[in-house]
Amino acid sequence: MKISTLVKLNNGVKMPVLGLGTWHLSAGKDAENAVMWALQAGYRHIDTAAYYNNEESVGNAVRKSGIPRKEIF
């Protein structure tokens, strides 16, 4: 199931309303699993930042999901 409710931002970009925040996810298997499960559940908005120090885990999950990167906000 894809969660498809979108909001149009002031710059015209459409963003999924529901997203997974990764701020409290420490890098590693738990972070990777959380992102994978969210993507499998239909999330297409993953809120992440370099400051969180879990970029590699988030990226691994996105690659392993098989979902094209252009479909994930």
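All of the points below concern the structure found in this document. (Residues numbered from 1 in each chain as written. Predicted model: local features only at pLDDT ≥ 70, side-chain atom pairs only at ≥ 80, totals over all residues. Heavy atoms only, no water.)

## Brief notes about unusual backbone geometry
Trans is the prevailing form of peptide bonds, just as negative phi is the prevailing case for residues other than glycine.
Then step 1. For N53, which is not a glycine, the phi torsion comes out positive at approximately 60°.
Then step 2. Mapped onto the fold, N53 is located in the loop between β4 (46–47) and α2 (55–65).
Then step 3. Classification of N53 as exposed rests on a relative accessible area of 61%. (Helix = DSSP H or I, 4+ residues; strand = E, 2+ residues; numbered from the N terminus. Buried < 20%, exposed > 50% of the residue type's maximum accessible area, 1.4 Å probe, protein only.)

## Looking at the pattern of salt bridges
Then step 1. A complete count under the given rule lists two salt bridges for this structure.
Then step 2. With a shortest N-O distance of 3.9 Å, K29 and E32 are connected by a salt bridge. One end of the pair is K29 and the other is E32, both in helix α1 (residues 29–41) and three residues apart, which spans about a single turn.
Then step 3. In this structure E32 comes out as buried when scored by relative accessible area, which is 7%. (Salt bridge = Lys/Arg side-chain N within 4 Å of Asp/Glu carboxyl O.)

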